[in-house]
Amino acid sequence: MIARVDLDDTDKSIVAALQGDGRLAYAKLAPLVGLGEAATRQRVNKLIERDVLQIVAVADPTMLGLRHQALVGINVDDQVRDVADELALIDAVDYLAITAGRYDIVAEVFSADSDAFLEVVDDRIRTVPGVRDLEILTYLDLVKQTYNWGTG
């Protein structure tokens, strides 16, 4: 289990500012959070080291040619963690969670088109030992996607 990290108001301010602009220079970030530049750099590095924060570029998958997007609900026979570990190796799966409720696992799959998606489903997902059945929920329109967690 992942240990919870307690963040003070300064840490939360740093995270919130970097969620708005991950390229923000320390010289501009420091006055926003009430610290000097060196102290701000140390705080950011500590947040990164503690796996609280990652600074990455988030691309629009459709602009990269991945126009077919779906959530796949997966039920397994047993050993849900083993099945999830195997599914996590599939490149087209960019999000995977073990869940409670209707599905044992949900996977978000991005592919260029329906032919490529069918290949992922039939050749990669269905062939994983333990996969019993799945339901495909194809995205028609992505209305909202944000990455602003835990800073409010």
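Our subject is the structure listed above.
Residues numbered from 1 in each chain as written. Predicted model: local features only at pLDDT ≥ 70, side-chain atom pairs only at ≥ 80, totals over all residues. Heavy atoms only, no water.

Taken residue by residue, helix α4 (residues 80–87) has V83, A84 and L87 as its buried positions. Seen along its axis, α4 keeps its buried residues to an arc of 100°; they face one direction. Every exposed residue of α4 that faces more than 90 degrees away from the buried side is listed here: R81 and D85. Each element contacted by the buried residues of α4 is listed here: β1 (68–76), β2 (93–98), β3 (105–111), α5 (114–125) and β4 (131–138). (Buried < 20%, exposed > 50% of the residue type's maximum accessible area, 1.4 Å probe, protein only. Helix = DSSP H or I, 4+ residues; strand = E, 2+ residues; numbered from the N terminus. Arc of directions from axis to C-beta. Contact = heavy atoms within 4.5 Å.)

Attention now moves to the packing of helix α1 (residues 9–20) against helix α3 (residues 37–49). Axis separation between α1 and α3 bottoms out at 11 Å; the angle between their running directions is 85°. Taken together, α1 and α3 sit at an angle that is classed as roughly perpendicular. On α3, the residues that touch T10, D11, I14, V15 and L18 of α1 are R43, V44 and L47. A per-class count over the contact of α1 with α3 returns five nonpolar, one polar and two charged. (Axes fitted to C-alpha atoms, helices over the stretch in contact; angles between N-to-C directions. Parallel < 35°, antiparallel > 145°, perpendicular 65-115°, else oblique. Nonpolar A, V, L, I, M, F, W, Y, C, P; charged D, E, K, R; others polar.)

The next subject is the side chain of S111. Topologically, S111 is positioned in strand β3. For S111, the side chain forms a polar contact with the main-chain oxygen of D113, separated by 3.4 Å. Not counting chain neighbours up to four residues away, the residues in contact with S111 comprise G65, L66, R67, H68, A116 and F117. (Polar contact = N/O pair within 3.5 Å; in protein donor to acceptor, adjacent residues only side chain to side chain.)

In this section: the sheet that holds β3. One open sheet accounts for four strands, arranged β2-β3-β1-β4; its pairing is antiparallel. Two strands lie at the open edges of the sheet, namely β2 and β4, each paired on one side alone. This sheet shows a mean twist of 20° between the axes of neighbouring strands, independent of strand direction. Sheet topology note: the β1/β3 ladder contains seven bridges and is antiparallel. Residue pairing across strands places G73 opposite V106, the latter belonging to β3. (Pairing = 2+ DSSP bridges.)

Attention now moves to the pattern of salt bridges. Counted under the stated rule, the structure contains eight salt bridges. With a shortest N-O distance of 4.0 Å, R23 and D21 are connected by a salt bridge. Put simply, D122 and R126 hold a salt bridge, and the shortest N to O gap is 2.9 Å. Under the relative-accessibility criterion, D122 is labelled partly exposed at 34%. Classification of R126 as partly exposed rests on a relative accessible area of 45%. It is possible to trace a salt-bridge network through shared partners that takes in D8, D11 and R43. (Salt bridge = Lys/Arg side-chain N within 4 Å of Asp/Glu carboxyl O.)

Summarising the element assignment, Y147 is placed in the segment after β4. Y147 sits 23 residues away from R124 along the chain, and the two C-alpha atoms are 29 Å apart. Each residue touching Y147, except ones within four places of it in the same chain, is listed here: Q19 and V58.

Once that is clear, we can look at the nonpolar core. Among the nonpolar cores identified, the biggest contains 20 residues, and I74, L87, V109 and I125 are the most heavily contacted of them. For this core, the elements supplying multiple residues, two or more each, are β1, α4, β3, α5 and β4. In terms of nonpolar packing, the next biggest core, distinct from the first, is built from ten residues, V15, A17, L29 and L47 among them. (Core = buried A, V, L, I, M, F, W, Y, C linked by side-chain atoms within 4.5 Å.)

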